[in-house]
Amino acid sequence: MDQAWWNINDASEQLPSYMKLYFLALLDVYSEIEKELAKDNKSFQVNYSNSIDEKKKLVRAYFQEAEWYHGNKVPTMEQYVKNGIRSSTIPYLTAASWLGMGNEAMKEAYDWLASEPPILVASSIIARLSNDIVSHEREQEGGDISCVECYMNEYGVTKEEAYVEIRKIMDNSWKDLNRECLKHVGPIKKMKKLQKLNRVAGKIFQVGRFALQITVNKPF
């Protein structure tokens with residue numbers, strides 16, 4: 001199926017049952033958002049927001065990961081991070097969250113987001129690499145590809161060494177993010193939302209790692 005095709009009337013009939021359920025649920029979400037915005041005569045924001053486009057990009061990123069997995073291919077770190085910017089879900093979550101910001105979320109703001117500004121790239125890299133480090137042990141058992149395998153394979157280093165170098169990349173991305181915020185380039189309130197989204201993601205990954213350790217060490 002061509003992933004670029006997004007015909008609401010026909011697409012669901014082309015999907016297997018497990019995907020059809022998710023697809024229809026997704027449409028329901030946007031329908032509910034449109035109804036809520038209509039109360040303030042702002043339902044048009046759903047049409048010019050790029051949250052649906054970002055969703056398509058997210059699906060393509062997941063599809064790329066599936067191709068690597070089923071093709072037994074380990075991508076380079078550069079290839080993985082480039083795809084990971086979208087698979088991090090940060091671009092999609094950001095665009096979707098803006099739908100509730102009223103007059104703050106104008107077309108210019110969505111165009112700015114679609115240009116993949118440095119602050120968005122930095123935020124996405126932080127989220128993607130953080131997730132990979134925390135879930136590495138579990139995902140390795142299932143054969144999933146993460147940045148850790150990519151770094152180890154490309155540079156011939158140990159897992160521990162890969163962790164150290166990947167955290168350096170994350171540290172540099174945090175510097176990029178904070179630098180962009182200080183420049184005040186782009187919608188200020190939305191940039192702050194990106195910062196908050198990263199902080200929340202960081203806490204989730206920390207809690208996830210703790211919960212995973214409990215599950216592994218003390219099974220119920």
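Quick summary incoming for the structure in this document. Note that this is a predicted model, so its numbers are computed, not measured. (Residues numbered from 1 in each chain as written. Predicted model: local features only at pLDDT ≥ 70, side-chain atom pairs only at ≥ 80, totals over all residues. Heavy atoms only, no water.)

1. Notes on the overall build of the chain
Rules: The helix count covers DSSP runs of H or I at least four residues long, the strand count covers runs of E at least two residues long, and both are numbered beginning at the N terminus. Under the scheme applied here, a residue whose accessible area is under 20% of the maximum for its type counts as buried, over 50% as exposed, and between as partly exposed, the area being computed with a 1.4 Å probe on protein chains only. Surface accessibility in these figures is a Shrake-Rupley result with a 1.4 Å probe; residues are shielded only by whichever protein chains are displayed.
On a plain count of helices and strands, the chain comes out with 11 helices and zero strands. The secondary structure elements of the chain, listed N-terminal to C-terminal, are α-α-α-α-α-α-α-α-α-α-α. Buried positions account for 39% of the 220 residues belonging to the chain. Put simply, the chain shows about 13100 Å² of open surface, and 55% of that area lies on carbon and sulfur atoms.

2. Here we look at the nonpolar core
Our working definition: As used here, the term nonpolar core means buried Ala, Val, Leu, Ile, Met, Phe, Trp, Tyr and Cys residues forming a set that is joined through side-chain atoms within 4.5 Å.
Judged by nonpolar contacts, the single largest core of 21 residues is most densely connected at Tyr-30, Trp-98 and Leu-177. Looking at this core, the elements that each hand over two or more residues are helix H2 (17–38), helix H6 (90–97), helix H7 (107–114), helix H8 (118–141) and helix H10 (159–183). If one sorts the elements of this core by residue count, H8 sits on top with five residues. Ile-85, Ile-125, Ile-145 and Val-148 belong to the second-largest nonpolar core, a separate cluster that totals 17 residues.

3. Some details on unusual backbone geometry
Positive phi values are uncommon outside glycine, yet Thr-89 reaches one of about 75°. Structurally, the position occupied by Thr-89 is in the loop between helix H5 (77–87) and H6. One non-glycine residue, Glu-116, lies in the positive phi region at around 55°. Looking at the element boundaries, Glu-116 is found in the loop between H7 and H8. Owing to a relative accessible area of 31%, Glu-116 belongs among the partly exposed residues under this scheme.

4. Concerning the side chain of Asp-132
Applicable threshold: A 3.5 Å cut-off defines polar contacts: any pair of N or O atoms within that distance qualifies, except that in protein one atom must be a possible hydrogen donor and the other a possible acceptor, and neighbouring residues in sequence count only when both atoms are side-chain atoms. Only heavy atoms matter for contacts: two residues are in contact if any of them lie within 4.5 Å across the pair.
With respect to the helices, strands and loops of the structure, Asp-132 is situated in helix H8. Reaching out from Asp-132, the side chain makes a polar contact with the side chain of Arg-128 at a distance of 3.0 Å. Apart from the residues lying within four places of it in its own chain, the contact partners of Asp-132 are Tyr-80, Ser-146 and Cys-147.

5. Some thoughts on H10
Basically, it comes down to this: Take the number of residues in a helix, subtract one, and multiply by 1.5 Å to get its expected span.
Taking 1.5 Å per residue as the helical rise, H10 with its 25 residues ought to reach 36 Å, and the 36 Å between its terminal C-alpha atoms agrees with that figure. Those residues of H10 not exposed but buried are Ala-162, Tyr-163, Ile-166, Met-170, Ser-173, Leu-177, Glu-180 and Cys-181.

6. Regarding the packing of aromatic side chains
For the record, the criterion: Here a Phe, Tyr or Trp ring, Trp counted by its six-membered ring, pairs with any other such ring whose centre lies within 6.5 Å, and the pair is stacked when the planes are under 30 degrees apart, edge-to-face when over 60, and tilted otherwise. By definition here, charges over rings are those cases where NZ of Lys or CZ of Arg is within 6 Å of the ring centre and within 35 degrees of the ring normal.
All told, the structure shown has two aromatic pairs when counted by the stated rule. Each ring, one from Tyr-151 and one from Tyr-155, has its centre 4.5 Å from the other, and the planes form 35°; the classification is tilted. Of this pair, Tyr-151 and Tyr-155 are both found in helix H9 (residues 147–155), four residues apart, which corresponds to roughly one turn of the helix. By relative accessible area, which is 47% here, Tyr-155 ends up partly exposed. In this structure, Lys-55 is placed above the aromatic ring of Tyr-92, and the distance from its NZ or CZ to the ring centre is 4.6 Å.

7. Things to note about the pattern of salt bridges
Selection rule: We count a salt bridge whenever a side-chain nitrogen from Lys or Arg sits within 4 Å of a carboxyl oxygen from Asp or Glu.
Going through the model one piece at a time under the given rule, you end up with eight salt bridges. The partner of Glu-36 in a salt bridge is Lys-39, and the shortest N-O contact between them spans 3.1 Å. What makes Glu-36 partly exposed here is its relative accessible area of 49%. Residue class for Lys-39 comes out exposed when judged on its relative accessible area of 62%. Between Asp-176 and Arg-179 there is a salt bridge; the shortest N-O distance is 2.7 Å.

8. Concerning the packing of helix H4 (residues 51–70) against H6
Here is the rule: A fitted line through C-alpha atoms serves as each axis, taken over the contacting stretch for helices, and the angle formed by two N-to-C directions is quoted from 0 to 180°. Roughly parallel means an angle under 35 degrees; roughly antiparallel means over 145; roughly perpendicular covers 65 to 115; every other angle is labelled oblique. Each crossing is labelled by how the near helix is turned from the far one, with a counterclockwise turn of less than a right angle marking it left-handed and a clockwise turn marking it right-handed. Under the convention adopted here, Pro, Cys and the residues Ala, Val, Leu, Ile, Met, Phe, Trp and Tyr are nonpolar, Asp, Glu, Lys and Arg are charged, and Gly plus all remaining residues are polar.
The interhelical angle for the contact between H4 and H6, taken along N-to-C directions, is 165°, at an axis separation of 8 Å. With respect to H6, the element H4 is oriented roughly antiparallel. Seen along the crossing, H4 lies across H6 with a hand that is left-handed. Residues Ser-51, Glu-54, Lys-55 and Leu-58 of H4 form the contact with H6, whose own contacting residues are Pro-91, Tyr-92, Ala-95 and Ala-96. Residues that form the contact of H4 with H6 fall into these classes: five nonpolar, one polar and two charged.

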